[in-house]
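Here's the letter readout for the chains.
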Amino acid sequence: MSGSSRIVAVLGPTNTGKTHYAIERMLGYRTGVIGLPLRLLAREVYDKIVAIRGPSVVALVTGEERIVPPRTQYWVCTVEAMPEGMGADFVAIDEIQLCADPERGHVFTDRLLRSRGTNETLFLGSDTMRGSIAALVPEAQFVRRERMSQLVYAGSKKISRMPPRSAIVGFSVDSVYAIAELLRRQKGGAAVVMGALSPRTRNAQVELYQNGEVDYLVATDAIGMGLNLDVNHVAFSSLSKFDGRRMRPLAPNELAQIAGRAGRGMSDGTFGVTGEAPPLDEGVAQAIMDSRFTPMKKLNWRNAALRFGSIEALIDALEVSPNDEHLIKARPADDLNVLKSLSQVTEVMARASDPQSVRLLWDVCRIPDFRGISHAEHASLLEVIYGHLHERGSIPDDFMARQIRRIDRTDGDIDALSKRLAYIRTWTYVAQRNGWVRDESHWRDETRTVEDRLSDALHDRLTQRFVDRRTSVLLRRLKQKEALLAEVNDKGEVTVEGEFVGRLEGFRFIPDKSAQGTEAKALKSASLQALAPQFHLRADRFYNAPDTEIDFTDQGGLMWGEYAVGKLVAGAEPLKPMVEVFVDEAAGPEVEQKVQRRLQHFIDRKVAALFEPLLNLSRDEELTGLAKGFAFRMVEALGVLPRAGVAQEVKDLDQDARGALRKHGIRFGQFTIFMPLLLKPAPTRLRLVLWALANGLQEFPDAPPPGLVTVPVAKDAPEGYDTMCGYRDAGERSIRIDMLERLADMLRAEDSRGGFEAKPDMLSITGMTLEQFADLMKGLGYNAERGEREKVKPAPVAAPEVTPTEQPTAEATEQPSAEETLATEAATEEAAAPAEAPAEATESTEVTAEAPAAEEPEVEVFFTFTWGRQRQANRGPRREQRQGQGKGKPRGKPQDGRGKPQGKKGGKPQGAKSFSSRPPKKEKAIDPDNPFAAALMGLKDGN
């Protein structure tokens, strides 16, 4: 270049406006070239210049991107892709201190030594380069630029306490992902920036941070290379990095390059450490704040005067050592290592037999290892590419199409998409080389389209994984003290500012279960604040809701539709339960009181409606004495009392007292004293809940299914459960108490001393098989003696002759006899009985296989029932109404040694009694509870 050109080194710390100054200087000339360290930064500068001068005069050239308009005036490039020999008026190299980088330093050193603008050349970078530039470029002038804002060391902070607008730096992909995940849970999310990201992905992630959707950025040291972000604080998660060969501590100037991203323009910034990084040494921290670092004494260098006569000559030229004390031979880079590997391949050596072939081989070896796979695999791929280029002059279209088609997939996770992006970058690089493919425009578009598609997919995956938009939005609005807008749909789903946050079940907010830890707390706090108006609206609607929308459960819960809004708790009296409401504290005391009043009204009305007879009994002021006391016992027992427990009280009641109690619907049964209206399913269900509350049960037993006469005995049920259900346990099953009283009426007419058999009516009202009935009778205190006998068949009835013109009447063909009906019902019931209780029909029709059924008599099973225990007062069947008793005799009679009433002297023996198959026609029913019932029955029988 002309020695008259102006060479200036603009040096200083970060945030001094060096890059901005270079852009202004370049645009002051007709043509210019600026070299930047990163593809990401090159894209950022390109966009800025396009915004000023338009896309028709600005070119962007990187390894994987090439935008060159026909009237290009300004070239924005990565340092490696800078065009040579263009004679541009202006040339600038940014981040010139990278001359000391072990991997890429030789490229920057080459530009320092050989790239010049015809009018002006700028070197932008750190003050540490002053000595080296002065020694290698003596004509250079130096301009010192001071930082526009102050940078302060803030010490160590936990990630959970990191201030907003912070960038946390990690030096590995795993570290970046781990930090971003932690920030998502605690702070709502973070944007991710890494050098390996495509510009499209990186820009999309930065936009998340810049527009305030997230307050945190997690990045590698790529952000230290001039990326301009609105960062207030930079935190290092580690103070060492892997440099390609080993883990090494970061030098103070490297830390300063990254820390300097904090505080842009005139805004001050801070830096510090976090995670496992130890606090910075006081001297290092002060050096970063003062921008005082050890000068760079050695710059990496590689010979630029290459010889292409043979592969050996090229390798020798690349390994030439520098002859300047300020330069040091660069360690072998990837391109040189691949060249050495391919030089051992016979086919490659045969092809590279002339300077043009050797030059082509060197161009192929310079394809970067974007994939980061093993050296051998990378060399193998480059061997294939070189073979195609040398043999055909270009890479075949079908080969390119196969490679791209394998990569063009947007499924998979972040790692899978990142690998595909790295793979497509290889073919994007190939498509950018002049003459390497037949249709350059087509393949550049193809590779760019695939890269954009993968970039968008990767951005989406990064956002899904590391950004919780709803938590981020809610926290930001809370921080800004803005009113949050909450909406609740008809399914109870809650959205705040358009983000789903959970469900509103009654008056309790259930946060989305996907949120955990700090995220869940923040989500719930913001959601409850936004839901305050919704709680009041819902409380008003609930208060005015009809009772039909509210119900109680068998466990004492109180439901509004499908949601629990409270529960019943024990009150001062069983019939006066209290209410405990389920209302979030954030709803406020007004909402809680309104819900409680409404639920208390509901349960009070429910008790009043279902237990009206019992409440009327308790309020009857006309009851006095023993009747009033007995009424209290009935109310206390919720309308059902086993007679055995109040035998003496019943005995003490006179006829007037009983009559007064009967007016309230009380029935004095043989086994139970109860109110028939309270045996209906609805009162029974509520009675069980009130009884469980009054007895302090932890788990409330369920009510039996409605409409069943008998049910299996509930195992391990609390004492008194059967009574509260309206049943009485007897054997393996419980029988409903009203049906038990009907059975007791039938049993009074039977000879319980001499023995009797079950009548079809007894089986019918209980709905039992004979075996089940026998078990029931045992449970009631009877002995059941099993026997077998020959079944007596009814005499056959000759069928009347029917003439061809006559047809049997419907009654003759369709109406079975009463005996047949009972037999059919018994057989049906016995067939439906459990296997352990064989049906009567089955036992009575057993026939051996050896003999014809006609020759063997059928056998039937029967049971003889006798009273099996001592008669207790008012318990068991009463047989005072025996035949032969004297008229008007009192009930009390001498008893024999077995507790049975003795017969009248001279009367018939007990076993000689006989009864009619149908009960006598009664002119007026005799109350069995009447103390003169026996005498009255005797008088009636005597007549």
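Every value quoted in this text rests on a predicted model; they were computed, and no experiment measured them.

> I would appreciate a short explanation of the sheet that holds strand S9 (residues 151–156) in the present structure.
Strands sit in the order S9-S16-S13-S10-S12-S11 across an open sheet of six strands; the sheet is parallel. This sheet does not close on itself; its edge strands, each paired only once, are S9 and strand S11 (191–193). The mean inter-strand angle of the sheet, taken between neighbouring strand axes irrespective of direction, is 25 degrees. Across four bridges, the pairing between strand S10 (residues 166–169) and strand S12 (residues 216–219) is parallel. Bridging from a neighbouring strand, isoleucine 168 pairs with valine 218 of S12. In the packing of helix H6 (residues 199–210) onto the sheet, the strands contacted are S10, S11 and S12, and the crossing angle to S11 comes to about 140 degrees. Running at roughly 155 degrees to S9, helix H8 (residues 282–290) makes contact with S9 and strand S16 (269–273) of the sheet.

> In this structure, what is going on with the packing of aromatic side chains? I would like to understand it.
The relation between two aromatic rings is expressed through the spacing of the ring centres and the mutual angle of the planes. The final tally for this structure, using the stated rule, is 14 aromatic pairs. Aromatic pair phenylalanine 507 and tryptophan 560: ring centres 5.9 Å apart, planes at 15 degrees, arrangement stacked. Of the two residues, phenylalanine 507 is situated in the loop between strand S21 (499–505) and strand S22 (508–511) and tryptophan 560 in strand S24 (residues 557–560); the sequence distance between them amounts to 53 residues. Considered together, phenylalanine 507 and tryptophan 560 belong to a single accessibility category, that of buried residues. Between the aromatic rings of phenylalanine 756 and tyrosine 782, the centroid separation amounts to 6.0 Å while the plane-to-plane angle is 90 degrees, which identifies the pairing as edge-to-face. In this pair, phenylalanine 756 is assigned in the loop between helix H26 (737–748) and helix H27 (760–766) and tyrosine 782 in strand S33 (residues 782–790), connecting sequence segments 26 residues apart.

> Explain the sheet that holds strand S5 (residues 74–78) to me, please; I cannot follow it from the model alone.
Adjacent strands of a sheet pair through backbone hydrogen bonds, lying either parallel or antiparallel. Pairing within the open sheet is mixed, and its eight strands lie in the order S4-S3-S5-S2-S6-S7-S1-S8. Looking at which strands have only one partner, the edges of the open sheet turn out to be strand S4 (66–67) and strand S8 (141–144). By the bridge criterion, two bridges tie strand S3 (residues 58–61) to S4 in an arrangement that is antiparallel. If you follow valine 61 over to S4, its bridge partner there is arginine 66. Contacting strand S1 (6–11), strand S2 (32–36), S5, strand S6 (90–93) and strand S7 (120–125), helix H1 (residues 18–27) runs over the sheet at an angle of about 170 degrees to S7.

> Would you mind showing me how to read the pairing of S24 here?
For a regular strand, side-chain orientation follows a simple rule: the groups alternate between the two sheet faces. The alternating pattern of S24 places Gly557 and Met559 and Leu558 and Trp560 on opposite faces, both of which are buried. Pairing of strand S23 (residues 550–552) with S24, which is carried by three bridges, proceeds in the antiparallel orientation. Looking at the pairing, aspartate 551 lines up with methionine 559 of S24. Connecting S23 to the next strand, S24, in antiparallel fashion are four residues, including glycine 556 with a positive phi near 85 degrees. As defined by bridge partners, S24 adjoins strand S25 (residues 563–569) across four bridges and the pair is classed as antiparallel. Paired with leucine 558 across the strands is glycine 566, a residue of S25. What sits between the antiparallel neighbours S24 and S25 is a turn of two residues, in which glycine 561 has the positive phi angle 70 degrees.

> Explain the packing of helix H12 (residues 355–365) against helix H13 (residues 375–392) here, please?
A pair of packed helices can be characterised by two numbers: the angle between their axes and the separation between those axes. Two elements in contact, H12 and H13, have axes whose closest approach is 10 Å; the angle formed by their N-to-C orientations is 140 degrees. Pair H12 / H13 crosses with right-handed handedness. On H13, the residues that touch Ser357, Leu360, Leu361, Val364 and Cys365 of H12 are Leu382, Ile385, Tyr386, Leu389 and His390. The residue inventory of the contact of H12 with H13, partitioned by class, reads eight nonpolar, two polar and no charged.

What counts, and where the lines are drawn
- Residues numbered from 1 in each chain as written.
- Predicted model: local features only at pLDDT ≥ 70, side-chain atom pairs only at ≥ 80, totals over all residues.
- Heavy atoms only, no water.
- Pairing = 2+ DSSP bridges.
- Helix = DSSP H or I, 4+ residues; strand = E, 2+ residues; numbered from the N terminus.
- Axes fitted to C-alpha atoms, helices over the stretch in contact; angles between N-to-C directions.
- Contact = heavy atoms within 4.5 Å.
- Phe/Tyr/Trp six-rings, centres within 6.5 Å; stacked < 30°, edge-to-face > 60°.
- Buried < 20%, exposed > 50% of the residue type's maximum accessible area, 1.4 Å probe, protein only.
- Left-handed = near helix turned anticlockwise from the far one by under 90°.
- Nonpolar A, V, L, I, M, F, W, Y, C, P; charged D, E, K, R; others polar.

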